[in-house]
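Residue-level listing of the chains:
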Protein chains: 2
Amino acid sequence: MALLNLSKIIKHRRDVLKITQEQLAEMAEVGLRTLKSIENGKGNPTVSTINKLAKVLGMELKLEIKKTGF
Amino acid sequence: MALLNLSKIIKHRRDVLKITQEQLAEMAEVGLRTLKSIENGKGNPTVSTINKLAKVLGMELKLEIKKTGF
DNA sequence: AGCAAAAGTGTATTATATTGCATTTTTATT
DNA sequence: AATAAAAATGCAATATAATACACTTTTGCT
């Protein structure tokens, strides 16, 4: 999963849940600036930061064997 | 996905593929010390590091909506 | 248009991930 | 047991993620 996708997924999910960046940042205990950077595809977040956000977003980070395209 | 699981999954997958830490680190262009730390559950890797390893391991990092327990 | 809330950006600081190198420990093979 | 390969660990240097704060821009509403 490319970093770009990660940012899109987080932003989209946040939009669906109708919460602001401030709210998500606070609930996830992640810096607001950090969340903004992630949603804008800047930087390279750590797994723990993504996990914190995922938890609040009702999501999970998975590492799986890639399905072979058919 | 907890960080602990991530390390286990990577180590297990590497074992299945029968490659050494040195080989994986070189192929993934990740520092050997970094890979060792990850496999031993130390630290908090960045998404890009996990992605580099995943690529070589034929895996992928996914961020998905959590299935509700039944 | 005017306003307010939300989102985006620039910069500096702090914390820590990544890395190489040297060394030790463990594992596996003969 | 001796050896060799693989893995683990300690340490120091460098790169950069996380963060706060101030400010600008965009968005949406009346």
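Look up a bit, the structure's there.
Counting from 1, residues in each chain are numbered in the order their sequence is written. Here every chain gets a letter starting at A, and every ligand a number starting at 1, in the order they are written. Residues qualify for local features only when their pLDDT is at least 70, as the model is predicted, and side-chain atom pairs are given and counted only at 80 or more; totals for whole chains, interfaces and linings, by contrast, use all residues. Hydrogens and water molecules were not included; the side-chain quantities draw on all heavy atoms of the structure.

In this analysis, two residues are considered to be in contact whenever any of their non-hydrogen atoms come within 4.5 Å of each other. Between chain B and chain A, the contact holds 24 residues from the first and 24 residues from the second. When the two sides are added together, the surface that chain B and chain A hide from each other amounts to roughly 2,500 Å², 60% of it contributed by carbon and sulfur. Note on definitions: salt bridges are taken to be side-chain nitrogens of Lys or Arg within 4 Å of carboxyl oxygens of Asp or Glu. Along the contact surface separating chain B from chain A lie 2 salt bridges. Between Glu64 of chain B and Lys62 of chain A there is a salt bridge, and its shortest N-O distance comes to 3.6 Å. N or O atoms closer than or at 3.5 Å make up a polar contact, with two conditions inside protein: a donor-capable atom paired with an acceptor-capable one, and, for residues adjacent in sequence, both atoms drawn from side chains. Linking chain B with chain A are 11 residue pairs in polar contact (both at pLDDT 80 or more), by the criterion used here. Each helix corresponds to a stretch of at least 4 residues labelled H or I by DSSP, and each strand to a stretch of at least 2 residues labelled E; elements are numbered beginning at the N terminus. Counting residues per element, the ones that place at least two in the side of chain B that touches chain A are helix 1 (3–17), helix 4 (47–57) and strand 1 (59–65) of chain B. The element best represented in the side of chain B that touches chain A is strand 1 of chain B, accounting for 7 residues. A 1.4 Å probe defines the accessible area here, and the buried area is the portion of it lost by two parts on being joined, summed over both.

On to the protein's contact with DNA strand D. Close to DNA strand D lie 17 residues; Thr34 and Thr49 of chain A together with Arg14, Gln21 and Arg33 of chain B are nearest. Within 4 Å of the protein, atoms of DNA strand D come from sugar and phosphate in 58% of cases. Between a phosphate oxygen of DNA strand D and a side-chain N or O atom of Thr46 of chain A, the distance comes to 2.9 Å. In the model, a phosphate oxygen of DNA strand D is placed 2.6 Å from a nitrogen or oxygen of the Gln21 of chain B side chain. Partitioned by chemical class, the residues of the surface near DNA strand D number 2 nonpolar, 10 polar and 5 charged. Working definition: residue near molecule or strand if any one of its non-hydrogen atoms lies within 4 Å of it. Each residue is assigned to one class: nonpolar for Ala, Val, Leu, Ile, Met, Phe, Trp, Tyr, Cys and Pro, charged for Asp, Glu, Lys and Arg, and polar for all the others, Gly among them.

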